[in-house]
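Close look at the chain arrangement
Listed below are the residues making up each chain.
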Amino acid sequence: MSTAGKVIKCKAAVLWEANKPFSIEDVEVAPPKAHEVRIKILATGICRSDDHVVTGGLVMPFPIILGHEAAGVVESVGEGVTSLKPGDKVIPLFIPQCGECSACLNSKGNMCIKNDIGSAAGLMADGTTRFTCKGKPIHHFIGTSTFTEYTVVHETAAVKIDSAAPPEKICLIGCGFSTGYGAALQTAKVEAGSTCAVFGLGGVGLSVIMGCKAAGASRIIAVDINSDKFAKAKELGATDCINPKDHKEPIHKVLTGMTGYGVDYSFEVIGRIETMVAALASCHYNYGVSVIVGVPPAAQNITFDPMLLFSGRTWKGSVFGGWKSKDSVPKLVADYMKKKFVLDPLITHTLPFSKINEGFDLLRAGKSIRSVLTF
């Protein structure tokens, strides 16, 4: 029986307020309007950015359906949709690609103006939501909302991928893997023979290491206060692992001592202002490049010595690894299918969707890299 044009009732994990567990609820998902698609989610990853909303580090309106790293199948399309059709396997894109704005038209840009990260409205383009629960409207999350059996996204925020790709693996290309891998290859443009330091060894940090290795970096120094993560970092390409707790002097001095004048490239993949400044100070005083990959905390400002930049360092931000989403995601999936990179080492837990709270507990306890929820 076709569900096109009808409201779908399904299960979703609703976050009613901050610092509370997710509540699995029956929700109604409205049909897609013009230029929108409704997607049946097959698998979704748990990312630290979702947890930042739970803890208040990333401010979003409540109640909300989180999740932004997923793979699914198009169930139905709204009027005027041309790039997708029912049955297409897709990855939702939290950085859309409209192809018309200044960021999309510039070869250096990828943060399409149609994203909902900056405004945090939690609504579709027409200012309304497609989710209701217990008679209340539920907000969307950065244009994706994947912690649900069905979601609705704008046509510019989903892209067709290889139908043979395993959803429980390639969902990571929707955020974590692409964000880290691209920060090294696209944003920093790491060269062969260079030295790199990666602060934070979660799923994204490990993906940065993979990107540095793919670029041919000769030395990749992994930095984390949890030494349990070092074995996996070395497996994926780290040459050295450092726990700042094992050293009396500040970490930037340790790294400078190891490399002479600092690393060529440093990456902050945690989202803490202290480590952002430390990563900047760790890169070469004159031509070093430091990239902010971790989502910065709300309402916090950085204080740093401007001499760190005056001497020639470059400080950059990277969102979704600098990839233009619609153009790049299908290619990254194709590369995965050709075994150009692996995703299995990043996925430590695969859980049924109903165990979403357990997945977040594992993340907060530092016991998981990526937990993937399957439906």
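Residues numbered from 1 in each chain as written. Predicted model: local features only at pLDDT ≥ 70, side-chain atom pairs only at ≥ 80, totals over all residues. Heavy atoms only, no water.

The name given to the chain in an unreviewed UniProt entry is alcohol dehydrogenase, with Cairina moschata as the source organism. What UniProt records for the chain under Subcellular location (unreviewed entry) is the sentence "Cytoplasm". (UniProt positions renumbered as here; feature names shortened; annotations may be inferred.)

Focus: the overall build of the chain
Scanning the chain from N- to C-terminus turns up 11 helices and 17 strands. Computed over its C-alpha atoms, the radius of gyration of the chain comes to 20 Å, within 12% of the 21 Å expected for a compact globule of 375 residues. Expressed as lengths along the three principal axes of its C-alpha atoms, the size of the chain is roughly 65 × 40 × 35 Å. Taken over 375 residues, the chain has a buried fraction of 55%. In the chain, the share of contacts with a sequence separation of at least 24, taken over all contacts with a separation of at least 6, comes to 70%. Carbon and sulfur atoms provide 55% of the accessible area of the chain, an area that totals close to 15500 Å². Within the chain, one finds 39 positive and 34 negative side-chain charges whose respective centroids are separated by 2 Å. (Helix = DSSP H or I, 4+ residues; strand = E, 2+ residues; numbered from the N terminus. Rg over C-alpha atoms; globule rule 2.2 N^0.38 Å. Buried < 20%, exposed > 50% of the residue type's maximum accessible area, 1.4 Å probe, protein only. Contact = heavy atoms within 4.5 Å. Areas by Shrake-Rupley, 256 points an atom, 1.4 Å probe, with all protein chains shown as cover. Lys, Arg positive; Asp, Glu negative; His and termini not counted. Charge placed at Lys NZ, Arg CZ, Asp CG, Glu CD.)

What about the pairing of strand S1 (residues 8–14)?
Taken across its 7 residues, S1 has 5 buried, putting it largely inside the fold. As defined by bridge partners, S1 adjoins strand S2 (residues 23–29) across 7 bridges and the pair is classed as antiparallel. Looking across to S2, one finds that Val 14 is bridged to Ser 23. (Pairing = 2+ DSSP bridges.)

Examining helix H4 (residues 176–188)
For H4, which comprises 13 residues, the first-to-last C-alpha distance of 17 Å matches the rise-based estimate of 18 Å (1.5 Å per residue) to within 8%. The sharpest bend along H4 comes to roughly 50°, located at Gly 182. Counting buried residues along H4, 11 of its 13 residues qualify, which places the element largely inside the surrounding structure. All of the buried residues in H4 are Gly 176, Phe 177, Ser 178, Thr 179, Gly 180, Tyr 181, Gly 182, Ala 183, Ala 184, Thr 187 and Ala 188. Buried residues along H4 sit against helix H5 (203–214), strand S13 (265–268), strand S14 (289–292), strand S15 (314–317), helix H10 (325–337) and strand S17 (370–374). Phi for Lys 189, located one or two positions after H4, is positive at around 55°. (Expected span 1.5 Å × (residues − 1). Bend = angle between axes of the 7 residues up to and from the residue.)

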